[in-house]
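# Fold and geometry: a report
If you want the building blocks of each chain, they are given just below.
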Amino acid sequence: MKLKISAIFLLMFFISSCGEQEPEGGNWYDALPRESWSNYEFIDTNQDWFEVYKLTDNTYAIYEPNQWQEAISYLLIGSEKAMLVDTLQGIGDLKAVTDQLTDLPIIVMNTHSHYDHVSSNFQYDTIYGLNKPYTINNAKGKTNAEIDGGMTPETIWKNLPRTFSFDLYESKPFEIDHFVENGEIIDLGDREIEVIYIPGHTPDSVILVDRKNRMMATGDSFYPAPIYVYSDTSSFQDFFISAQTMFGFTDDVDFLLPGHNETMQPASYLNELRRATMAIINPTTPFIQGTGTRTYEFDGFSLIVKDPLDFGIRQGD
Ligand SMILES: [Zn+2]
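Quantities reported herein were computed from a predicted structural model and do not represent experimental measurements.

Here the focus is the packing of helix H6 (residues 236-247) against helix H7 (residues 268-280). Axis separation between H6 and H7 bottoms out at 8 Å; the angle between their running directions is 150 degrees. Compared by their axis directions, H6 and H7 come out roughly antiparallel. As for how H6 packs across H7, the hand of that crossing is left-handed. Here Phe236, Phe239, Phe240, Ala243, Gln244, Met246 and Phe247 of H6 come into contact with H7, specifically with Leu270, Asn271, Leu273, Arg274, Thr277, Met278 and Ile280. Here the residues of the contact of H6 with H7 are counted per class, giving 10 nonpolar, three polar and one charged.

Written out as structure tokens, the structure is:
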């Protein structure tokens, strides 16, 4: 079954590539499908835009493989409630997918409020979030102009729902029903999720720690690809401290659930991330110079930070 799925994707990739002239350096989707997803049980739903995988008995990944962000949501199922970690980009009907996976009431908890993580929040009744000015502002939604180039035909590979319109695309507003405190434990019934504040990528980033099932949702604070810590609202100073905070959970989790590209990464990356942030503050560590950025490459991921480095400068949120 797994082999068959991979073969179909390879065929589609071949067909897709044949008719188009590839830009120099290839297409963003040349890396797809990513081999690691074939390790998990594929769950068929009636929503072709998403790919759903069962990671454990009570944990699903909902992946958007056909848009360059390759965003991933997670559905964590307890005995009484479920938590939907992030809601992707508002393409396709995410609620129709989660309705097929559980009948339990769903709490949405975002790892941070970037539009590629919150844009189907509006479909759900119960949203938890941080009481931060950054979050409150993002909850107002983003217009097509504000997203500016983030959603164009070039960012889509295939399977775009027929009802989708690039011109009308926007990130719809949502209301936060409950403000979560740092360290708060959300009880799903026989499954407790701990919310830990880890600013850096954004002023409102969190990790979600499930000690019993030994997993941690990391959002965009760790995934196995270039990690962005250079935007106006990012802070490497904060990210440095947060990497130490994340490392503190090394003995409590076996794997990480990242917000993009690939799932189920080993918890050993927590140590690698901490070491990476320490390497970055060492002025002798080599980096790739960009315009206003530095890219530091490590084994399995890279970190893009501001140039000059914003370290030793305390930023407000
Ligand atoms: Zn983000």
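Now, onward.
On to the sheet that holds strand S3 (residues 59-63), then. With respect to topology, eight strands assemble into an open sheet ordered S1-S2-S3-S4-S5-S6-S7-S8, the strand pairing being mixed. At either end of the open sheet lies a strand with only one pairing partner, and these are strand S1 (41-43) and strand S8 (178-179). Contacts from helix H2 (residues 94-101) reach S1, strand S2 (51-56), S3, strand S4 (72-77), strand S5 (82-85) and strand S6 (106-109) within the one sheet, and its direction differs from that of S3 by about 155 degrees.

Moving on: the pattern of salt bridges. Taken as a whole, this structure holds nine salt bridges when the rule is applied. The partner of Arg211 in a salt bridge is Asp252, and the shortest N-O contact between them spans 3.2 Å. Within this pair, whereas Arg211 is found in the loop between strand S11 (206-210) and strand S12 (215-219), its partner Asp252 is found in the loop between H6 and strand S14 (255-258), the two being separated by 41 residues in sequence. Accessibility expressed as a relative area gives 38% for Arg211, which makes it partly exposed. Here Asp310 makes a salt bridge to Lys306, at a shortest N to O gap of 3.5 Å.

On to unusual backbone geometry, then. For the peptide bond that leads from Leu32 to Pro33, omega is -10 degrees, which places it in the cis range. Tracing the backbone shows Pro33 in the loop between helix H1 (2-18) and S1. Residue Asp307 is joined to Pro308 through a cis peptide bond whose omega torsion reads 5 degrees. If you trace the backbone, Pro308 turns up in the segment after strand S18 (301-306). Although it is not a glycine, Glu70 adopts a positive phi angle of roughly 45 degrees. By the secondary structure assignment, Glu70 is in the loop between S3 and S4. Of note, Leu88 is a non-glycine position whose phi angle comes to about 65 degrees, a positive value. Its place among the elements puts Leu88 in the loop between S5 and H2.

Criteria and thresholds
Residues numbered from 1 in each chain as written. Predicted model: local features only at pLDDT ≥ 70, side-chain atom pairs only at ≥ 80, totals over all residues. Heavy atoms only, no water. Axes fitted to C-alpha atoms, helices over the stretch in contact; angles between N-to-C directions. Helix = DSSP H or I, 4+ residues; strand = E, 2+ residues; numbered from the N terminus. Parallel < 35°, antiparallel > 145°, perpendicular 65-115°, else oblique. Left-handed = near helix turned anticlockwise from the far one by under 90°. Contact = heavy atoms within 4.5 Å. Nonpolar A, V, L, I, M, F, W, Y, C, P; charged D, E, K, R; others polar. Pairing = 2+ DSSP bridges. Salt bridge = Lys/Arg side-chain N within 4 Å of Asp/Glu carboxyl O. Buried < 20%, exposed > 50% of the residue type's maximum accessible area, 1.4 Å probe, protein only.

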